[in-house]
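Chain residues, written in single-letter form:
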Amino acid sequence: MSTNSSSSGARPPKKPGVQRPPATRQERRDAARRDQRLASARTVAAKRPAWQSPMVLITAAALVLGLVVVVLASGVLSPKATVGTLVKPLRPAPVALIDPANPRALGKATAPVTVEVWSDFQCPACDTFATTIEPDLIDQYVATGKARIVYRDFAFIDKGAANGESHQSAAAARCAGDKFWPFHDYLFENQNPKGENLGTFSAAFLTSVADAVGVDRPAYDACMANGAADMVAAVKAETAQGTSAGINQTPTIALNGKLQTGGALPMTTLGPAIDALLASGSPAPAASASPPASTAP
Amino acid sequence: MARGRPALLLGGLAAAGLIISLYLGATELAGTTPVCLVGGGCETVAASQYSHWFGIPVAYFGVAFSSVLLALIATWWRTGDGRLLLAGYAQGLVGIVIELYLVYLELFVIGAICTWCVAYGATILLGWLALVVVQRRAGRPGEEG
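Just so it is clear, the structure is predicted and the values come from calculations on it, not from any experiment.

Draft legend 1. Quick peek at the interface of chain A and chain B. Facing 23 residues of chain A, the contacting portion of chain B comprises 18 residues. No other element matches the 11 residues that helix α3 (residues 54-74) of chain A contributes to the side of chain A that touches chain B. Classifying every residue of the side of chain A that touches chain B by side-chain character gives 11 nonpolar, eight polar and four charged.

Following this line, the structure appears as structure tokens:
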């Protein structure tokens, strides 16, 4: 069977895979236009630098986007925004009541009743106790010399993480030294009502509290260096003591060493219980469940 | 190029990432901590302040990320549209950058390794590498369709 190419002696022999040349003038014109367009496109592509190729641009854009997300997530651009909005405690503990020998205690060491408050700075019920009940307790019993309050760490909300917010806030409060109670009051006043372990008690936030209460910054910074390892160890040790003593919730109040049930006891319960101890003349235990608070090194 | 096998590989990796992030998100929602299969850093990482971005658990971002990736791959498998692979390539690259940051946090800031988080990162990295290979093959003239 003959073909067009075999019947035309003037045309070159057809190579395998080569397209048939345009037969008509119109086809030749179209082919010429097509070739011109392809040549033009190749020229443009050849002139375009390698970095302008779509893949390179997409890669660069993706890397930049990833870096932007990382920068935003790391909070590099907005640490001041959360630090500059500290709320001052409405009813801070009177500084005059702080025991110089144990900055985590309020009131005289000779007071007949010792009220130990086992607490976690992230715990909402502890916040309620510290901001609404404790001020009344201080006014009615500590300021009058009838009772003494001792703060105890029971840091559990961050699930035991040394760098978690319960441990770091407790360590920072200890690192505040004689400013423990102001630090304590600021932490509870600025607790995040939205929840726990949300990054509220970040290192930057704790430093801002330290500045707000006027701690000795070099001593505080030295104490908080390396994840405040010494203070975290003390917090863990005290929490372990609380666990051994049978504490399983915060806050837990102990009156003269005896654990009370009911969590954040209201003054209507706490007041009569303290009065009963005062009336019975039951002495405060010489040694409570926890060792004295550590101070900044 | 036949899309069945590559889609199965890519989809499998994205689905694995989705399952891991769903597990991490569920533990967050339940108020518990993930159980580490190896080591014990999961609790530490989950309790750290870096487990939340803008107040939202990082695991939730992982769920959204893997869901979108899985949807892209599924749509590509059905349509063969090469632009979807390109979108997956870009998304995977964003994910790798973020994962590198998270690994840095675990190693040098938190000081604990969460194997679930590392496994999730591995699905992102392997998925992206597989996607690059698939994309190069699919990009050959006459092979896509």
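Draft legend 2. Spatial organisation of the sheet that holds strand β5 (residues 252-255) of chain A. Residues and elements named next belong to chain A. Taking strand neighbours across the sheet as the criterion, the six strands line up as β1-β2-β4-β3-β5-β6 in an open arrangement whose pairing is mixed. In this open sheet, the two edge strands, each paired with only one partner strand, are β1 (98-99) and β6 (258-259). Helix-sheet contacts for helix α5 (residues 124-142) involve β2 (102-106), β3 (113-119) and β4 (147-153), and the interaxial angle to β4 is about 155 degrees. Contacts between helix α10 (residues 267-280) and the sheet are confined to β3, β4 and β5, with β5 contributing the most and set at about 20 degrees to the helix.

Draft legend 3. Local environment of the confidence of the model for chain A. All names here are of chain A. Per-residue confidence for chain A gives a mean pLDDT of 83, with 80% of residues at or over 70. Below pLDDT 50 for its whole length, residues 1-10 participates in three contacts with residues either more than four positions away or in separate chains. Below pLDDT 50 for its whole length, residues 286-297 participates in 31 contacts with residues either more than four positions away or in separate chains.

Draft legend 4. Looking closely at the packing of α3 of chain A against helix α4 (residues 82-110) of chain B. Two numbers describe how α3 of chain A lies on α4 of chain B: the axes approach to 8 Å, and their chain directions differ by 35 degrees. The two elements α3 of chain A and α4 of chain B cross, and the hand of that crossing is right-handed. Each of I58, T59, A61, A62, L63, L65, G66, L67, V69 and V70 of chain A in α3 of chain A lies in contact with α4 of chain B, whose residues at this interface are L86, Y89, A90, L93, V94, V97, I98 and Y101 of chain B. For the contact of α3 of chain A with α4 of chain B, the residue count by class is 16 nonpolar, two polar and no charged.

Draft legend 5. Quick look at unusual backbone geometry. Residues and elements named next belong to chain A. Look at the link from T250 to P251: it is a cis peptide, with omega at -5 degrees. Along the chain, P251 turns up in the loop between α9 (217-245) and β5. One non-glycine residue, N226, lies in the positive phi region at around 55 degrees. Mapping N226 onto the fold places it in helix α9. A tally of 9 C-beta atoms within 10 Å means that N226 is categorised as exposed.

Draft legend 6. Looking closely at the pairing of β4 of chain A. Residue and element names in this part refer to chain A. Burial analysis of β4 places seven of its seven residues in the buried class, the great majority of the element. Residue alternation in β4 divides its side chains into two sets, A147, I149, Y151 and D153 and R148, V150 and R152, and both sets are buried. Here two bridges tie β2 to β4, and the two strands are oriented antiparallel to one another. The residue bridging A105 from the neighbouring strand is V150, located in β4. Regarding the hand of the β-α-β motif, the stretch spanning β3, α5 and β4 is right-handed.

Draft legend 7. Seen up close, the pairing of β5 of chain A. Residues and elements named next belong to chain A. Residues T252 and A254 line one face of β5 and the alternating positions I253 and L255 line the opposite face, and both faces are buried. In this sheet, β5 lies alongside β3 in antiparallel orientation, the contact comprising four bridges. Across the sheet, W118 pairs through a bridge with T252, a residue of β5. Note: β5 against β6, two bridges, orientation antiparallel. When the sheet's bridge partners are listed, A254 is paired in β6 with L259. The turn linking β5 back onto β6 is made up of two residues, and N256 within it adopts a positive phi angle of 50 degrees.

Draft legend 8. Representation of the confidence of the model for chain B in the model. All names here are of chain B. Counting all residues, the mean pLDDT for chain B is 85, and 92% of those residues have values of 70 or more. Mean pLDDT across the elements of chain B bottoms out in helix α2 (residues 41-47) (75) and peaks in helix α3 (residues 58-79) (93). Interface confidence for the predicted complex, expressed as ipTM, amounts to 0.82; the pTM equals 0.53.

Draft legend 9. A look at the environment of R3 of chain B. Tracing the backbone through its elements, the reader meets R3 of chain B in the segment before α1 (4-30). Taking the C-alpha atoms as reference points, R3 of chain B and G80 of chain B, separated by 77 residues in sequence, lie 7.6 Å from one another.

How each quantity is defined
Residues numbered from 1 in each chain as written. Chains lettered and ligands numbered in written order. Predicted model: local features only at pLDDT ≥ 70, side-chain atom pairs only at ≥ 80, totals over all residues. Contact = placed C-beta atoms within 7 Å. Helix = DSSP H or I, 4+ residues; strand = E, 2+ residues; numbered from the N terminus. Nonpolar A, V, L, I, M, F, W, Y, C, P; charged D, E, K, R; others polar. Pairing = 2+ DSSP bridges. Axes fitted to C-alpha atoms, helices over the stretch in contact; angles between N-to-C directions. pLDDT = per-residue confidence, 0-100. Left-handed = near helix turned anticlockwise from the far one by under 90°. Buried ≥ 20, exposed ≤ 12 C-beta atoms within 10 Å, placed from the backbone. Right-handed = clockwise from strand over helix to strand, strands pointing away.

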